[in-house]
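Geometric and topological summary
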Amino acid sequence: MSPLNQEDYARHDATGLATLVKTGEVSAGELLETAISRAHEVNPRLNAIVHPMLQEARSRADSSEEGLSGISGPFTGVPFLTKDLGQDYAGHPTSCGNRILASPPVPEHATVVRRWLEAGLLVFGKTNTPEFGAKGVTEPEAFGPTRNPWDETRTPGGSSGGSAAAVAAGIVPVAGASDGGGSIRIPAACCGLVGLKPGRGKVPHGPVRGEAMQGASTDGVVSRSVRDTAAMLDVLVGNEPEDPYQASILERPYSSEVGREPGRLRIGFTHHSSLNPQAHPEAVAAVTDAARLLEGLGHEVQEIGPRELGYDDASLARDFLTVWFANAGSLMSETRKTTGARAEDFELDTRIMAAVGRSTSAVEYASTLGRWHSYVRALADFHSRYDLLLTPTLARPPLEIGALDTPPALRAAARTLLSLGGGPLLRRAGIIDRIAYENLGWVPYTQLANVTGRPAVSLPTYRTADNLPLGVQFVAPLGGEPTLLRLASQIEQARPWPVQAPDRPNG
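Report on the accompanying structure. (Residues numbered from 1 in each chain as written. Predicted model: local features only at pLDDT ≥ 70, side-chain atom pairs only at ≥ 80, totals over all residues. Heavy atoms only, no water.)

1. A few points about the overall build of the chain
Of regular secondary structure, the chain possesses 18 helices and 11 strands. Here the C-alpha radius of gyration of the chain, 21 Å, is about what a compact globule of 507 residues would show, namely 23 Å. Considering the chain as a whole, with its 507 residues, one finds that 61% of them fall into the buried category. One finds the centroid of the 47 positive side-chain charges in the chain at a distance of 5 Å from the centroid of its 56 negative side-chain charges. (Helix = DSSP H or I, 4+ residues; strand = E, 2+ residues; numbered from the N terminus. Rg over C-alpha atoms; globule rule 2.2 N^0.38 Å. Buried < 20%, exposed > 50% of the residue type's maximum accessible area, 1.4 Å probe, protein only. Lys, Arg positive; Asp, Glu negative; His and termini not counted. Charge placed at Lys NZ, Arg CZ, Asp CG, Glu CD.)

Here it is in structure tokens:
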């Protein structure tokens, strides 16, 4: 056996690395040390990994090589990182991007982490995330911003920004992610990766919670290859006794869809958004370029308008944010209760969202959830006429670090209003609308799949004039993961994407 150099390591996806371990061409320990070496090289610049776990990973690698681990999963020996939000690893903290939660260890593995470990992955760290995953950028005050390997002055997106940066930089070929409003797809689009959000109920959320965000949030991965995405989905899907839903039984593994012909699909595409009526020209170019590519592959592609979609995305955003803010209020209250934290131990933007969430009545909350079903019906009607919806993933290229910072004057006003009564005053002053629309305005396309529970994927089909990734999104009907994987595989073969961002530390 001979250890891989970084170039050889980066050429292989997780499936390829697992094959090397299985055939004895390289050991699990050698792969792990290559990943750790790469992390030492680039993480000081990128700030992707915020909680190293080297001792556990090295111990698992040694046990695997000595045949003591009892693990023979599909990814045995492959280095891996989990997201520091919801993906609990027993004996280590899950910070959720919050300084108070960065120390106390959790008592048990999350279901997805247990399944990743059973698959043979070597978890050697946890990745950066915004506080409680509440933003589309990864810039928590507790740990500082994560930077995009394609341009370190830019964001890798959020909330799975740390994972996406680590994969794009060649630290690991695939990493844990989660998506409550676009948090897998946004970082994938920013960093040139594949990001699949599974449909509602496919991936267990336990064991501590049955679901998050009324089922709008789910775990998954960001990866460099479609086959890794499919194989990871095979690892994650399947019910646990405490699950709130019974997932449908698969006819065949998701990995078997890779390379299978998708057939001639009817695809409707748009870049329209009421939240952002003027999408950036590069975002428009990304989706029209994808439409041309799809036509060349034999699919029927048609541009559509708002009437054909049958819903208003500004209304959807308001209904999405009502539940999001209520969830923020619940998380903050729960954290304060269990840790004794003060309000000042949370970021100001978190306190603003939580205050608005606490001011939401039970009747308003129930009415909002009722309206969520209207978006399900509208999308179901769309899918009765089209196999897939195609949009840009982002309404503009990856933002500069700090672009979404709340301005000082607005922060001062928010602090005053919080001290005077919180949520109702913040609503009447319009501060929360401004913050929300600035945060969603550059990512207005992703929340639809979360509200409706439909699967969606971002694919890295486009580069801007500055050579920045800018992905496109496909939204499928209920149970449409196989169609997404077949089409993604076809696109990957027709237009392969880089396996790693070029090293350019000065941006």
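2. Quick look at the nonpolar core
Judged by nonpolar contacts, the single largest core of 147 residues is most densely connected at W116, F124 and F474. For W116, the contacting residues outside a window of four places in its chain are F80, T82, Q87, L121, G176, G220, V221, M232, V235 and L236. (Core = buried A, V, L, I, M, F, W, Y, C linked by side-chain atoms within 4.5 Å. Contact = heavy atoms within 4.5 Å.)

3. Considerations on empty space enclosed by the protein
The final tally for this structure, using the stated rule, is 7 cavities of 30 Å³ or more. Reported here for the largest cavity is a volume of approximately 240 Å³. Looking at the largest cavity, it is lined by 22 residues, and the ones nearest its centre are A134, K135, W324, N439 and L440. Of all the elements in the fold, those that place two or more residues in the lining of the largest cavity are helix 11 (313–339), helix 12 (348–358) and helix 16 (431–440). A per-element tally of the lining of the largest cavity places helix 16 first, with 5 residues. Grouping the constituent residues of the lining of the largest cavity by class yields 12 nonpolar, 8 polar and 2 charged. By volume, the second largest cavity is sized at about 160 Å³. (1 Å grid on protein atoms, 1.4 Å probe; cavity = no way out; pocket = protein on both sides within 12 Å on 5 of 7 lines; lining within 4 Å. Points joined across faces, edges and corners; volume = space filled by probe spheres on them. Nonpolar A, V, L, I, M, F, W, Y, C, P; charged D, E, K, R; others polar.)

4. A word on the sheet that holds strand 10 (residues 456–459)
Reading across from one edge, 4-6-5-10-11-9-7-8 is the order of the 8 strands in this open sheet, with mixed pairing throughout. Both edges of this open sheet fall to strand 4 (174–179) and strand 8 (300–303), since each of them pairs with a single strand only. Between one strand and the next, the sheet's axes are offset by a mean angle of 25 degrees, whatever the strand orientation. Two strands pair when backbone bridges link them, and strand 5 (residues 194–197) and strand 10 are joined in this way by 3 bridges, in the antiparallel orientation. The residue of strand 10 that forms the bridge with G195 is S458. Sitting on the sheet, helix 18 (residues 481–494) is in contact with strand 5, strand 7 (266–269), strand 9 (388–392), strand 10 and strand 11 (472–475), with an inclination near 10 degrees to strand 10. (Pairing = 2+ DSSP bridges. Axes fitted to C-alpha atoms, helices over the stretch in contact; angles between N-to-C directions.)

5. Structural notes on the pairing of strand 9
Most of strand 9 is tucked away: 5 of the 5 residues are buried. By the bridge criterion, 3 bridges tie strand 7 to strand 9 in an arrangement that is parallel. Bridging from a neighbouring strand, I267 pairs with L388 of strand 9. Pairing between strand 9 and strand 11: 4 bridges, direction antiparallel. Each bridged residue has a counterpart across the sheet, and for P392 the counterpart in strand 11 is V472.

6. Regarding the sheet that holds strand 1 (residues 49–52)
Sheets are built from strands that pair by backbone hydrogen bonding, the pairs being arranged parallel or antiparallel. Spatial ordering of the open sheet is given by 1-3-2, a layout of 3 strands whose pairing is mixed. Because the sheet does not close on itself, it has two edges, and the strands there are strand 1 and strand 2 (79–83). Across the sheet, the mean angle separating the axes of adjacent strands is 40 degrees when strand polarity is ignored. Across 3 bridges, strand 1 lies against strand 3 (residues 122–127) in antiparallel orientation. Looking across to strand 3, one finds that I49 is bridged to T127.

7. Concerning the pattern of salt bridges
Close approach of charged atoms lets side chains of opposite charge pair. Overall, the coordinates contain 25 salt bridges when judged by the stated rule. Measuring nitrogen to oxygen at the nearest pair gives 3.7 Å for the salt bridge that ties R154 to D151. On the basis of relative accessible area, R154 is assigned to the buried category, the value being 18%. The exposure class assigned to D151 is buried, which follows from its relative accessible area of 12%. The partner of D319 in a salt bridge is R371, and the shortest N-O contact between them spans 3.0 Å. (Salt bridge = Lys/Arg side-chain N within 4 Å of Asp/Glu carboxyl O.)

8. Considering the packing of aromatic side chains
Under the defined criterion, the tally for this structure stands at 5 aromatic pairs. Geometrically, the ring pair formed by F320 and W324 is tilted, given 5.3 Å between the ring centres and 35 degrees between the ring planes. Here W324 and F320 lie together in helix 11, a separation of 4 residues that amounts to about one turn. For F320, a relative accessible area of 3% puts it in the buried group. For W324, a relative accessible area of 12% puts it in the buried group. Ring centres of F382 and Y386 lie 4.8 Å apart, and the angle between their planes is 15 degrees; on these two criteria the pair is classed as stacked. (Phe/Tyr/Trp six-rings, centres within 6.5 Å; stacked < 30°, edge-to-face > 60°.)

9. Comments concerning unusual backbone geometry
In this chain, G158 is followed by S159 through a cis amide linkage whose omega measures 10 degrees. On the secondary structure map, S159 appears in the loop between strand 3 and helix 6 (161–168). With omega at 0 degrees, the peptide bond leading from G206 into P207 counts as cis. Tracing the chain through its elements places P207 in the loop between strand 5 and strand 6 (218–223). In this structure, F132 takes a positive phi of about 55 degrees despite not being glycine.

10. Some remarks on the environment of R11
Mapped onto the elements of the fold, R11 is located in helix 1 (residues 6–11). Its relative accessible area of 54% is what places R11 among the exposed residues. Between the C-alpha atoms of R11 and P277, which are 266 residues apart in sequence, the distance is 40 Å.

11. Some thoughts on the side chain of T76
Tracing the backbone through its elements, the reader meets T76 in the loop between helix 4 (54–65) and strand 2. For T76, a relative accessible area of 15% gives the class buried. From its side chain, T76 meets the backbone oxygen of G73 in a polar contact 3.0 Å long. (Polar contact = N/O pair within 3.5 Å; in protein donor to acceptor, adjacent residues only side chain to side chain.)

12. Re the packing of helix 14 (residues 408–420) against helix 16
In the contact formed by helix 14 and helix 16, the axes pass within 11 Å of each other and the chain directions differ by 135 degrees. Here helix 14 lies oblique to helix 16, going by the angle between them. In this structure, helix 14 crosses over helix 16, and the sense of that crossing is left-handed. Only I431, R434 and I435 of helix 16 make contact with helix 14, whose side of the interface consists of L410, A413, A414 and L417. Among the residues forming the contact of helix 14 with helix 16, the class breakdown is 6 nonpolar, no polar and 1 charged. (Parallel < 35°, antiparallel > 145°, perpendicular 65-115°, else oblique. Left-handed = near helix turned anticlockwise from the far one by under 90°.)

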